[in-house]
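# Fold and geometry: a report
Take a look at the letters that make up each chain.
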Amino acid sequence: MQLTRYTDFGIRTLMYMAVQPERTALFRIAEITEVFELSPNHVSKIVHHLGKAGYLQTVRGKAGGFRLAKPAEAINLGELVRELEHSLAPIDCAKPLCRLLPACQLKGILADAVAAYLAVLDQYSLADIVSNRDELLALLPDPSISILRLG
């Protein structure tokens, strides 16, 4: 199963914040777009979604931004993927309608595979995927030479 770019970028955004737990300044959309070279419009939609879902605390206004709404240890990867993915179905037997559908066993097997996939993700938190914090931080732009000079 391949995650959508939406989910991928949502996870990257959360990872970026999770490797900087001591930061006091709010994160901004412009910062995320610069670091990951993403569209501001796309990042805005993702941040809005993550805020509505309770993963981010958002602050409106000129000095606004966002931060993690809960500790990285409390953000379960499986739940996050379920929240961000529009559909976890690996195939759509209705478009076009498959003639084999009434007798096909593939859909059930694939449903089992998706359940196993999610069961593995359920074993991990955001903290687990950023446990190599120093390595991840070394890959990020130097805050002293970029717009990241916020905190």
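Below you will find a few notes about this structure. Nothing here was measured: the structure is a model prediction, and the numbers come from that model.

## Points about the nonpolar core
The biggest cluster of nonpolar side chains holds 33 residues, and the ones touching the most others in it are L14, L50, L56, L68 and L80. Within the residue set of this core, elements represented by two or more residues are α1 (5-18), α2 (29-36), α3 (40-52), β2 (65-68), α4 (77-84), α5 (106-121) and α6 (126-129). Examining the composition of this core, we find that six residues originate from one element, α1, more than from any other. Apart from the residues lying within four places of it in its own chain, the contact partners of L80 are I11, L14, L50, Y55 and I75.

## Observations regarding the pairing of strand β1 (residues 56-59)
Alignment of β1 against β2, held across four bridges, turns out to be antiparallel. Residue pairing for β2: L56 is matched across the bridge by L68. Joining the antiparallel neighbours β1 and β2 is a turn of five residues, in which G61 adopts a positive phi near 105°.

So, how was this worked out
- Residues numbered from 1 in each chain as written.
- Predicted model: local features only at pLDDT ≥ 70, side-chain atom pairs only at ≥ 80, totals over all residues.
- Heavy atoms only, no water.
- Core = buried A, V, L, I, M, F, W, Y, C linked by side-chain atoms within 4.5 Å.
- Buried < 20%, exposed > 50% of the residue type's maximum accessible area, 1.4 Å probe, protein only.
- Helix = DSSP H or I, 4+ residues; strand = E, 2+ residues; numbered from the N terminus.
- Contact = heavy atoms within 4.5 Å.
- Pairing = 2+ DSSP bridges.

The quantities given are spatial measurements derived from coordinates; they are silent on function.
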